[in-house]
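Structural overview
Spelled out, the chains give:
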Amino acid sequence: MDGSAPVAKMPKTAKERGKVAPAKLAHVVLRTPPERAQMILDWYKVVLEGEAMYEAGFGGFITYDDEHHRIAVLGFPGIKEHIDGYAGLHHVAFTYESLGDLVHTYDRLKGEGILPEFTINHGPTTSMYYFDPDKNQVELQVDNVPEERFAEYFDNGEFSANPIGVKFDPEELFARYKAGESEEDLLQRPDGPPPDLSEFPAN
Ligand SMILES: [Fe+2]
């Protein structure tokens, strides 16, 4: 968010503007102390339903889609522990195809003892924020609005009125999904005030 006025439509891609730009976002690489590399790899394998393309004592590469590795973990001697509040990367987000896939993943991870730290319907997305064992923040999300209606959504005033979102109870969302409520209804942002920014988990 930069406080600028909402866009009336999706901007053209760099390619459509005649520019040479990356074809895709390739991967994220995490560093960790060598003795934790396997633990971090395993966490991402569980969370993303990934498999190792390659793993060894010093780290490895995880794939879960058509990219040979989306996440890599490298163990470096001498890495210092995470400290909250430093400038830099805040989180990495992964989008699911449907709300059903997101709440299924929520429930699956709960069974593994992995729970979100913060859950919020931003308006454009329904988002669950997790911490990996090194306290890197990972967002699992689903788009609330189809791609072709995003511009219309940003013009309808809901986002401008509250660009942060409204918190929700993931257990309740999962229960309502299981009870058969439609994804379209469940993806609507509930009424309510935005949380205070201090409520966002610090990392
Ligand atoms: Fe995000």
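Residues numbered from 1 in each chain as written. Predicted model: local features only at pLDDT ≥ 70, side-chain atom pairs only at ≥ 80, totals over all residues. Heavy atoms only, no water.

1. Thoughts on the overall build of the chain
Helix and strand counts for the chain come out as six helices and nine strands. For 203 residues, the compact-globule estimate of 2.2 N^0.38 gives 17 Å, and the chain sits close to it at 18 Å. Counting only C-alpha atoms and orienting by the principal axes, one finds that the chain spans roughly 50 × 50 × 35 Å. Considering the chain as a whole, with its 203 residues, one finds that 40% of them fall into the buried category. Once local pairs closer than 6 in sequence are excluded, the contacts in the chain between residues at least 24 apart make up 64%. Counting every atom, the chain has about 12200 Å² of accessible surface; 54% of that belongs to carbon and sulfur. (Helix = DSSP H or I, 4+ residues; strand = E, 2+ residues; numbered from the N terminus. Rg over C-alpha atoms; globule rule 2.2 N^0.38 Å. Buried < 20%, exposed > 50% of the residue type's maximum accessible area, 1.4 Å probe, protein only. Contact = heavy atoms within 4.5 Å. Areas by Shrake-Rupley, 256 points an atom, 1.4 Å probe, with all protein chains shown as cover.)

2. A closer look at the nonpolar core
With 31 residues, the main nonpolar core has Y44, I71, L99, Y130 and L140 as its most contacted residues. For this core, the elements supplying multiple residues, two or more each, are β1 (28-32), α1 (37-48), β4 (71-75), β5 (91-96), α2 (99-111), β7 (125-131), β8 (137-143) and α5 (170-178). With near-sequence residues (within four places) excluded, L99 lies in contact with T126, V142, L173, Y177, E183, L186 and L187. (Core = buried A, V, L, I, M, F, W, Y, C linked by side-chain atoms within 4.5 Å.)

3. As for the pattern of salt bridges
Within the structure shown, the criterion is met by 15 salt bridges. The residue D66 makes a salt bridge to R70 at a minimum N-O spacing of 3.9 Å. In the salt-bridge network here, residues are joined through shared partners; they are R36, E81 and D134. (Salt bridge = Lys/Arg side-chain N within 4 Å of Asp/Glu carboxyl O.)

4. Things to note about α1
For α1, spanning twelve residues, the distance from its first C-alpha to its last is 16 Å, which sits close to the expected 16 Å at 1.5 Å a residue. E49 occupies a position one or two residues after α1 and carries a positive phi of about 55°. (Expected span 1.5 Å × (residues − 1).)

5. Looking at the coordination of the iron ion
Those donors, H91 (NE2) and E139 (OE), are the protein atoms that reach the iron ion, and they lie 2.0 to 2.2 Å from it. Of this pair, H91 sits in strand β5 while E139 sits in strand β8, and the two are 48 residues apart along the sequence. Here E139 falls in the buried class, since its relative accessible area comes to 4%. (Donors = N, O, S within 2.8 Å, 3.2 Å for Na, K, Ca; no water.)

6. Here we look at the packing of aromatic side chains
Scanning the model with the defined rule gives ten aromatic pairs in all. Between Y54 and F58 the ring centres are 6.3 Å apart and the planes differ by 40°, which places this aromatic pair in the tilted class. Owing to a relative accessible area of 44%, Y54 belongs among the partly exposed residues under this scheme. Judged by centre distance (5.5 Å) and plane angle (75°), the ring pair of Y153 and F154 falls under edge-to-face. Classification of Y153 by relative accessible area gives buried; the value is 8%. (Phe/Tyr/Trp six-rings, centres within 6.5 Å; stacked < 30°, edge-to-face > 60°.)

7. A word on the sheet that holds β7
Across the sheet, which stays open at both edges, the five strands sit in the order β5-β8-β7-β6-β9 with mixed pairing between neighbours. The open sheet has two free edges, formed respectively by β5 and β9 (166-167), since each of these has just one partner strand. Of the pairings in the sheet, the one linking strand β6 (residues 118-121) to β9 comprises two bridges and is antiparallel in character. Bridge pairing in β9 places N121 opposite V166. (Pairing = 2+ DSSP bridges.)

8. Some thoughts on the domain arrangement of the chain
As assigned here, the chain comprises domain 1 (24-79) and domain 2 (90-203). Listed as interface residues are 15 residues of domain 1 and, on the opposing side, 16 residues of domain 2. The junction of domain 1 with domain 2 conceals about 1200 Å² of combined surface from both sides, 67% of it contributed by carbon and sulfur atoms. Counting every contact that joins domain 1 to domain 2 gives two salt bridges. (Domains from an automatic or database assignment. Buried area = accessible area lost by both parts, 1.4 Å probe.)

9. Quick word on a nonpolar patch on the surface
On the surface, M53, Y54 and F58 cluster together into a nonpolar patch covering about 320 Å² of accessible area. Residue placement: M53 occurs in strand β2 (residues 51-56). (Patch = residues over 30% accessible without salt bridge, like charges linked within 9 Å, V, L, I, M, F, W, Y side chains within 5 Å.)

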